[in-house]
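Commentary on secondary and tertiary structure
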Amino acid sequence: QVQLVESGGGLVQAGGSLRLSCAASGLTFSTSAMAWFRQAPGKEREFVATVTRDAYRTYYADSVKGRFTISRDNAKNTVYLQMNSLNPEDTAVYYCAARARYYSGGSRAHDYDTWGQGTQVTVSS
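Presented here is a report on the structure given in the accompanying data block. (Residues numbered from 1 in each chain as written. Predicted model: local features only at pLDDT ≥ 70, side-chain atom pairs only at ≥ 80, totals over all residues. Heavy atoms only, no water.)

**Digging into the packing of aromatic side chains**
Evaluation of the coordinates by the stated rule reveals four aromatic pairs. Judged by centre distance (5.0 Å) and plane angle (55°), the ring pair of Phe37 and Trp115 falls under tilted. Taken together, the residues Phe37 in strand 4 (residues 32-39) and Trp115 in strand 10 (residues 114-115) connect sequence positions 78 residues apart. The exposure class assigned to Phe37 is buried, which follows from its relative accessible area of 1%. (Phe/Tyr/Trp six-rings, centres within 6.5 Å; stacked < 30°, edge-to-face > 60°. Helix = DSSP H or I, 4+ residues; strand = E, 2+ residues; numbered from the N terminus. Buried < 20%, exposed > 50% of the residue type's maximum accessible area, 1.4 Å probe, protein only.)

Laid out in structure tokens, this is it:
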């Protein structure tokens, strides 16, 4: 059974930091591109960041570039999202996603075949 489990969400003040983790099981993690998406209330799910399966390349949405960092540890089957300088507009449910057998996943949600249950991030002003 393929499973992605996110953790690390919570409530933080504006300007603060959080680190999200996503542990994968049941898939060949090292051959899967990984990504983070987010969905705020009343809005569509949007791309945040993606990392290639070898961790060599990363791509970010303009709204988080310079503040967020995606990384992965293939030995631990885990992908991370370090979020700094958070602001209230970052409040959303954050989802981890996997695109199996692809080097790079891209920014389109429908290209990803496995999703986690999400973790809530709330940034207070």
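**Remarks on the state of the cysteines**
Taken as a whole, this structure holds one disulfide when the rule is applied. Disulfide pairing places Cys22 opposite Cys96 at an S-S distance of 2.1 Å. Since a negative S-S torsion denotes a left-handed disulfide, the Cys22-Cys96 link at about -75° is left-handed. Here Cys22, found in strand 3 (residues 18-25), pairs with Cys96, found in strand 9 (residues 92-100); they are 74 residues apart in sequence, far enough to count as distant. Accessibility assignment for this pair places Cys22 and Cys96 in one class, buried. (Disulfide = S-S within 2.5 Å.)

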